[in-house]
Amino acid sequence: MVQAIPKTQPTLKARGETVLRVEGLSKRFGGVVAVEGVDLEVRRGEIFGFLGPNGAGKTTTLGMILGLVEPSAGKVELLGEPVRPGRTHALRKVGALLGAPAIYPHLSARQHLELIAGLQGGVSRQRVEEVLEQVGIARAAHRAAGSYSTGMKQRLGVAMALLAEPELLILDEPSNGMDPSGMKEMRELMRSLAAQGVTIIFSSHILHEVEQVCDRIAVIHKGKLVAQGAVRDLLASGDGVRVRVESPEEAALVLGGLAERAEVQGEYLLVGGLEARAVVTRLVQAGLPPSEVVPIESGLEELFLELTGGGQ
Amino acid sequence: MTLGILKLEADKAFRRRGAWLLLAFAAALVGLVEYLMLREQAPARHYALTLLLSREAAQSLGIFAAAILGAWTAQEYGWRTLALLFSRGTPRGAWLLARWLAMLGSLALVVAMPFGVSLTVLSFYAGGWPAQLQADGARIAATVLQTAVAGLPYLDLALFLAVVGRSVAAALGGVLGYALVLEVVIVQFWPEVGRYLPASLGEAWLSGGAGLGAELAGVVGYALAFVVLSWAVLRRQDLGG
């Protein structure tokens, strides 16, 4: 079971300070543009969702942030230090799980953690056992990791990311292969870590999960950033009112100057950026009383599909 | 961090049961060949034959060890474990140095093994350690060292192929293909070119004593070139996929 174990020393760093700043980040592989002009800002203590369809450039962007991929242009500043392949001291304060977990199939989970502990230094044996408990693989910790299920490998990847008590945690699809209870435990773990001041960048295809845990999100599509902001602000921008009127085209003209958008869909008009009461009042004043008014609250899934053209 | 990565690579190299089993298998093979060979020969020739067999076995096993060590390095790409290390801020140069030292230690062990095994078998025949061993100890140690140095170009070629090819097949096939086929063919059919290749340079150096001649410079030059090339590729290599 994934458990939140309080850190013995809560971080003293100020919440809200910028932990990660990405400016104009681009990556080309030959003639193929994988990432183009991405700007991101992640603040301390927040859970930041990084979304995009398959092949949108998420993993490449995260790879550049972690110094694993050299950018073609742009810069990454992590905990105030520029990131470059080869050597970045700030990466020692980062825990990451990028794509499928990287494991030595012949080593056990405990040996993996001991190996990382030896590499990073300052990690006690007790901490190794604590993290094994935390991610719920303590009972299988002696078994070779090659024999683990996908979900267990994922838990091991999370354990390795957590081991050195990072200030920034980058989790790329951490719930992959986990059952629903495992996913729930993962969400609780992320919330608990964020409450302790750990910043989390989290990418997932499970939008419901993202909506539940993230403070802010960025959406990348075909290598370009198409949205970034607080989840509630982005969702509010997608909210609207659906009205049924005799002449939707005429109603669109009436509301055009007031609403953020007024889109005719058959005998309906979709209005965004204007409250239902204001829509009705204006239409009645214009002699176009609506026969049906339905407030629409968009979810992250609708927003995501809209931003990414159906996730393609 | 650098000490941490050195320990980590040493642990990975020397705490792997499969590698020790492979070494034990090779040792058994060398011991068997030595035993059968000495059985057919007059005792007066035993000591000289033992040293000859040890050197030949060390050279051959050194090539195979280099290929296997290259494959071991390439596995890190397949398992994506290099990303695991580098995403924690491990300097790439430190890792390359640590890996090279771990490979070198493994090669030295493989090269020393036939001398140890053969002399042990000989001691069974002779009813004790041969008397010459006391006087020859330093010379034998030098031969082990020389054989290991002569194997360096192959070891570093394996490292280079692993880094460039990121594949076990490329490292294994590349080293064995070069050392057992390409180099042999060149030495055989174009001796004027072949004399500048690692095999001929190493052989010339081993035959000429432990001098610091042009042959040694050639061997070290090849070794150094492959390490530098490996570093040039690794330092900017994309490992995020």
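Residues numbered from 1 in each chain as written. Chains lettered and ligands numbered in written order. Predicted model: local features only at pLDDT ≥ 70, side-chain atom pairs only at ≥ 80, totals over all residues. Heavy atoms only, no water.

Below, the discussion takes up the overall build of chain B. Check the secondary structure of chain B and you find eleven helices and zero strands. Listing every helix and strand of chain B by position from the N terminus yields α-α-α-α-α-α-α-α-α-α-α. A globule of 241 residues ought to have a C-alpha radius of gyration of about 18 Å, and chain B, at 19 Å, matches this closely. On the principal axes, the C-alpha backbone points of chain B span a range of 60 × 45 × 30 Å. A burial count over chain B gives 49% of its 241 residues as buried. In the form shown here, chain B has an accessible surface area of approximately 11200 Å², with 71% of it arising from carbon and sulfur atoms. (Helix = DSSP H or I, 4+ residues; strand = E, 2+ residues; numbered from the N terminus. Rg over C-alpha atoms; globule rule 2.2 N^0.38 Å. Buried < 20%, exposed > 50% of the residue type's maximum accessible area, 1.4 Å probe, protein only. Areas by Shrake-Rupley, 256 points an atom, 1.4 Å probe, with all protein chains shown as cover.)

Split by domain assignment, chain A resolves into domain 1 (18-234) and domain 2 (240-296). A C-alpha centroid distance of 44 Å is found between domain 1 of chain A and domain 2 of chain A. (Domains from an automatic or database assignment.)

Residue and element names in this part refer to chain A. Looking at the secondary structure, you find Ala-34 in strand S2 (residues 32-43). Considered as a pair, Ala-34 and Lys-224 are 190 residues apart in the sequence and their alpha carbons are 8.7 Å apart. Beyond its immediate chain neighbours, meaning those up to four positions away, Ala-34 contacts Lys-27, Phe-29, Ala-56, Gly-57, Thr-60 and Gly-223. (Contact = heavy atoms within 4.5 Å.)

This brings us to empty space enclosed by the protein. Enumeration over the complete set of coordinates arrives at five cavities of 30 Å³ or more. Approximately 130 Å³ is the volume found for the largest cavity. Every residue lining the largest cavity is counted, 14 residues in all, and those nearest its centre are A:Ala96, A:Leu97, A:Leu98, A:Ala102 and B:Leu84. Taken together, the residues of the lining of the largest cavity sort by class into ten nonpolar, two polar and two charged. (1 Å grid on protein atoms, 1.4 Å probe; cavity = no way out; pocket = protein on both sides within 12 Å on 5 of 7 lines; lining within 4 Å. Points joined across faces, edges and corners; volume = space filled by probe spheres on them. Nonpolar A, V, L, I, M, F, W, Y, C, P; charged D, E, K, R; others polar.)

On the chain B side, the residues contacting the 31 residues of chain A number 26 residues. Between chain A and chain B, roughly 2500 Å² of surface is buried when both sides are summed, and carbon and sulfur atoms account for 59% of that area. Taken as a group, A:Leu68, A:Tyr104 and A:Leu119 account for 29% of the area that chain A buries against chain B, more than any other trio of residues on that side. Counting across the interface, chain A meets chain B through two salt bridges. Put simply, B:Asp238 and A:Lys27 hold a salt bridge, and the shortest N to O gap is 3.1 Å. (Buried area = accessible area lost by both parts, 1.4 Å probe. Salt bridge = Lys/Arg side-chain N within 4 Å of Asp/Glu carboxyl O.)

Residue and element names in this part refer to chain A. Taking strand neighbours across the sheet as the criterion, the four strands line up as S2-S1-S4-S5 in an open arrangement whose pairing is antiparallel. Looking at strand neighbours, the two that pair on one side only are S2 and strand S5 (81-82), the edges of this open sheet. Sheet analysis places strand S4 (residues 73-78) next to S5, joined by two bridges and oriented antiparallel. Paired with Glu-77 across the strands is Pro-82, a residue of S5. The strands that helix H1 (residues 58-65) touches are strand S1 (18-29), S2 and S4; relative to S1, the one it contacts most, it runs at about 120 degrees. (Pairing = 2+ DSSP bridges. Axes fitted to C-alpha atoms, helices over the stretch in contact; angles between N-to-C directions.)

So, on to the confidence of the model for chain A. Looking at chain A as a whole, its pLDDT mean stands at 86, while 92% of the residues score no less than 70. Counted against residues more than four places away or in other chains, residues 5-12 of chain A, with its pLDDT under 50, gives eleven contacts. (pLDDT = per-residue confidence, 0-100.)

Following the sequence through the fold, B:Gln237 ends up in the segment after helix H11 (214-234). Residue classification places B:Gln237 among the buried residues on the basis of a relative accessible area of 7%. Only 2.8 Å separates the side chain of B:Gln237 from the backbone oxygen of B:Val163, close enough to count as a polar contact. Every residue in contact with B:Gln237, bar those within four places of it in the chain, is listed here: A:Leu68, B:Tyr77, B:Arg92, B:Val163 and B:Arg166. (Polar contact = N/O pair within 3.5 Å; in protein donor to acceptor, adjacent residues only side chain to side chain.)

In this section: the sheet that holds strand S3 (residues 47-51) of chain A. Residues and elements named next belong to chain A. On the basis of which strands lie adjacent, the open sheet formed by six strands has the order S6-S7-S8-S3-S9-S10 and mixed pairing. Either end of the sheet is taken by a strand with one partner, and the two such strands are strand S6 (94-97) and strand S10 (224-230). Within the sheet, the average angular offset between the axes of one strand and its neighbour, ignoring direction, is 15 degrees. Across four bridges, S3 lies against strand S9 (residues 216-221) in parallel orientation. Residue pairing for S9: Gly-49 is matched across the bridge by Ile-217. Contacts between helix H4 (residues 150-162) and the sheet are confined to S6 and strand S7 (168-172), with S6 contributing the most and set at about 165 degrees to the helix. This element, helix H10 (residues 300-307), spans S3, S9 and S10 of the sheet and lies at about 30 degrees to S9.

Before going further, it helps to spend a moment on the pairing of strand S12 (residues 261-265) of chain A. All names here are of chain A. Sheet topology note: the S12/strand S13 (residues 268-272) ladder contains five bridges and is antiparallel. Considered in S13, the bridge of Val-264 is made with Leu-269. Taking the residues between adjacent antiparallel strands as the criterion, S12 and S13 are bridged by two residues, where Gly-266 takes a positive phi near 65 degrees.

Residue and element names in this part refer to chain B. Topologically, Ala-74 is positioned in helix H3 (residues 43-79). Overall, Ala-74 belongs to the buried group, its relative accessible area being 2%. Separated by 91 residues in sequence, Ala-74 and Gly-165 have C-alpha atoms that sit 7.7 Å apart. Beyond its immediate stretch of four places on either side in the chain, Ala-74 contacts Ala-162, Arg-166, Ser-167, Val-168 and Ala-171.

Before going further, it helps to spend a moment on the packing of helix H2 (residues 109-120) of chain A against helix H1 (residues 2-14) of chain B. Orientation of H2(A) relative to H1(B), taken along the N-to-C sense of each, is 150 degrees, at an axis distance of 7 Å. Between H2(A) and H1(B), the crossing angle belongs to the class labelled roughly antiparallel. In this structure, H2(A) meets H1(B) at a crossing whose hand is right-handed. Of the residues in H1(B), those in contact with A:Leu115, A:Gly118 and A:Leu119 of H2(A) are B:Gly4, B:Ile5, B:Leu8 and B:Lys12. (Parallel < 35°, antiparallel > 145°, perpendicular 65-115°, else oblique. Left-handed = near helix turned anticlockwise from the far one by under 90°.)

Under the criterion given, the structure shown has 25 salt bridges over all chains. A:Glu41 is paired through a salt bridge with A:Arg43; the nearest N and O atoms lie 3.9 Å apart. Under the relative-accessibility criterion, A:Glu41 is labelled partly exposed at 27%. A salt bridge links A:Glu114 to A:Arg125, with the nearest nitrogen and oxygen atoms 3.4 Å apart. With a gap of eleven residues between them, A:Glu114 in helix H2 and A:Arg125 in helix H3 (residues 125-135) connect regions that are remote in the sequence. Judged by its relative accessible area of 66%, A:Arg125 is exposed. Bridged by salt links that share partners, the residues B:Glu9, B:Lys12, B:Glu76 and B:Arg99 form one connected network.

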